[in-house]
Amino acid sequence: MQRISLRMWLGSALVVTGLIFLCSSSSLFEFILRKALVLSPSSLLFEIWRAPPFNIDVKVVVFNLTNPHQFLEEDFKPQFEELGPYILYERDEKVNIVWNDNYTVTYEILRTYYYDEEKSNGSMEDYITALNTASLSASYGSRHWSLFSTFPLSMAIRILGKSVLMRKSFRELFIEGYFDPLLTMAYVVPGMKGKGQLKDKIGLLYERNASTYFDGVINLGTGVDDISKLGTVFNWNYQNRTPTFEGKCGEVYGATAELFAPSSSRGTTLSFFVPEVCRSVTMEYLDDRYIQGIFGHRYFLGEKTVDNGSLYPENWCNCGGECLPRGVINASSCLRDLPMFFSFPHFLFGDPYYRERVKGIAPPDLDEHLLHMTVEPTTGIPLEAFFRLQMNLLLRDNPKISLFRDVPTIMFPYFWIEKKLALPPNMITLLKWILSIPTIIICFAIALILLGLIILTLAVLPWFRSNKYKDENRMLQNRKAAKEIFCNKQLQPEEAELLNLVTNGKFTNEERSK
């Protein structure tokens, strides 16, 4: 009897536990997810976030000016050809990590670039003709100086033999950098240094390679107190605004484009902060797609990102002090007063004005030039991303600098870059396991319920068989007793009827006892 009670207790406990797991599977998964995704020194996500165990593929396409000899001609229209793509790969590491008491983490990003000669369509010795960034930056940065202040600079540029155009190899322009006398002057002449940090040489990737300066100091939400704050950028360089833009455009908000808070909503927007442009941008929902067997929402940056207020009035602050036709973002204040304007490759979503002023640039192609990202909605982890931006240099007249007096006003495309991020197979497998947790919980709950029911059945069956045996034995005894009465005396009609009932088992236990 004790064994039967133990089995019934165990079976009931398993059934109840299974029902609890089955009814709370969603809540249990959310609890596990929050423990796994939050940023802390002991979390599952931390090491992957601190030093991603994969490379970021970088593709650089350079616009080479092919008609520099026509520069001084009237109605000059630059002719370009695309060189490359030159392939690099990037490794990122979070350094100087500080955990704060307000559930945020402060850190810097150390980016390291490596050139891949085998995959590149070209050589690092390819020569490129482009605008001279040193003299262009000096002219643009001094545009608001007085005539008295700019005269020495103008003379220095002439004496140093600077020109509007330059011809350098890809190695010099991007990888190893090059020396320029104007760079030395920037350390000495007041106002020439601009707002950024100077290095010993000029070079786009040279200045960023193994440097933490360009990404700045980022303050990020860990999600420990509130999972919706995971990945949110609260401060950049210890400020919640950037000095580059006014209004909403200058606010620091959104994520870091490598980590978003979990959200299963379709059709929402995703925002992230871009240190290279010193501002936040917002992606719009595009469609659903599967990446390596995992479902995700795809988002993209559209025309609203590069609008100057002509289509969306709230974007009036996009100009950054230099309002041009829609299609570009002014990043000059973000880059030491170099007149650098970001756009999408081939001026995608831009005003036709930019393509009409140059030759040799094909119309934009959405498949080739769209910036988009696919995010797994349950975890907020990006499955695949294509970050595509074009850097352009604004050539404009500056009557105070003789070299730039009466030059045409043209937006020169310089190069466009694509960063491709895709999770490696081992991380895809890990993510699939995480996403299968609800199914595992449900299967486990059903298994507990079935096991409990089996144990209960095995406990009740012997008891049921025992009671049935007792009833059958009691019926046999009653029949035997009735037979003896029939044999020992002559039965009256009432007794015969009673005997018949007992024989057929139609008496209750109480009547039998009587």
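Each chain has its residues counted from 1, following the order in which its sequence is written. Selection of residues for local features in this predicted model requires a pLDDT of at least 70, selection of side-chain atom pairs for listing and counting requires 80 or more, and totals for whole chains, interfaces and linings are taken over all residues. Side-chain measures were taken over the full set of non-hydrogen atoms in the model, leaving aside hydrogen atoms and water.

With that out of the way, let us pick up the pattern of salt bridges. Salt bridge, as used here: a side-chain nitrogen of Lys or Arg that lies within 4 Å of a carboxyl oxygen of Asp or Glu. Inspection of the entire model under this criterion finds 16 salt bridges. Across the pair Lys 419 and Glu 90 runs a salt bridge, and its minimum N-O distance is 2.9 Å. You can see Lys 419 sitting in strand β15 (residues 410-422) and its partner Glu 90 sitting in strand β2 (residues 80-99), a full 329 residues away along the chain. The burial state of Lys 419 is the same as that of Glu 90; both residues are buried. A run of H or I in DSSP becomes a helix once it reaches four residues, and a run of E becomes a strand once it reaches two; helices and strands are each numbered from the N terminus. With a 1.4 Å probe rolled over the protein chains alone, any residue whose accessible area is under 20% of its type maximum counts as buried; one over 50% counts as exposed, and the rest are partly exposed.

Another aspect to go through is the state of the cysteines. Disulfides are defined as cysteine sulfur pairs within 2.5 Å. Applying the stated criterion across every chain, the model contains three disulfides. Sulfur-sulfur distance for the disulfide between Cys 278 and Cys 334 comes to 1.7 Å. On the S-S bond that ties Cys 278 to Cys 334, the torsion sits near 70 degrees, and the link is right-handed. Of the two residues, Cys 278 sits in the loop between β8 (270-274) and β9 (279-291) while Cys 334 sits in the loop between β11 (329-330) and β12 (340-343), which places them 56 residues apart along the sequence. The buried category is assigned to Cys 334, whose relative accessible area is 19%. Put simply, Cys 319 and Cys 323 are joined by a disulfide, and their sulfur atoms are 1.9 Å apart. Among the residues examined, Cys 319 registers a relative accessible area of 11% and is labelled buried. Looking at Cys 323, the relative accessible area reads 52%, which means it is exposed. By sequence-ordered numbering of the bonded cysteines, the protein has its disulfides arranged as 1-3, 2-6, 4-5.

Note that the residue after Gly 84, namely Pro 85, is joined by a cis bond; omega there is 10 degrees. Counting through the fold element by element, Pro 85 comes out in strand β2. A positive phi angle, near 55 degrees, is found at Asn 237, a position not held by glycine. By secondary structure assignment, the location of Asn 237 is in the loop between β7 (233-236) and β8. The exposure class assigned to Asn 237 is partly exposed, which follows from its relative accessible area of 34%.

Moving on to the pairing of strand β3 (residues 104-116). Among the 13 residues that make up β3, eleven are buried, leaving the element largely enclosed by the rest of the structure. Strand pairing requires that DSSP identify at least two bridges connecting the strands. Note: β2 against β3, eleven bridges, orientation antiparallel. Bridging from a neighbouring strand, Asp 92 pairs with Arg 111 of β3. The antiparallel pairing of β2 with β3 creates a hairpin that spans four residues between the two strands, and Tyr 103 there sits at a positive phi of about 65 degrees. Summarising the sheet, β3 and strand β6 (residues 218-221) pair through four bridges and their orientation is antiparallel. Bridge pairing links Tyr 107 to Ile 218 in β6.

This part is about helix α11 (residues 425-435). An α-helix turns once per 3.6 residues; consequently, residues spaced three or four apart project the same way. Looking only at α11, the buried set comprises Met 427, Ile 428, Leu 431 and Ile 434. One face of α11 carries all of its buried residues, which in axial projection span an arc of 120 degrees. Facing away from the buried side of α11, by more than 90 degrees, are the exposed residues Pro 425, Asn 426 and Trp 433. Summarising the geometry, the arc corresponds to the directions from the helix axis toward the C-beta atoms.

Moving on to the packing of aromatic side chains. When two rings of Phe, Tyr or Trp (its six-membered ring) have centres within 6.5 Å they constitute a pair, described as stacked for plane angles under 30 degrees, edge-to-face for angles over 60, and tilted for the intermediate range. Per the stated rule, a full pass over the model turns up 21 aromatic pairs. Taking 5.0 Å as the distance between ring centres and 85 degrees as the angle between the ring planes, the aromatic pair formed by Trp 49 and Tyr 107 counts as edge-to-face. Taken together, the residues Trp 49 in helix α3 (residues 46-50) and Tyr 107 in strand β3 connect sequence positions 58 residues apart. Looking at Trp 49, the relative accessible area reads 5%, which means it is buried.

Position of Ile 434 relative to the elements: it lies in helix α11. Residue Ile 434 is classed as buried on the basis of its relative accessible area, which comes to 13%. Note: C-alpha distance between Ile 434 and Ile 32 (402 residues apart in sequence) is 9.2 Å. We call two residues in contact whenever any of their non-hydrogen atoms come within 4.5 Å of each other. Once you skip the residues sitting within four places of it in the chain, Ile 434 turns out to touch Phe 29, Leu 33, Leu 44 and Thr 379.

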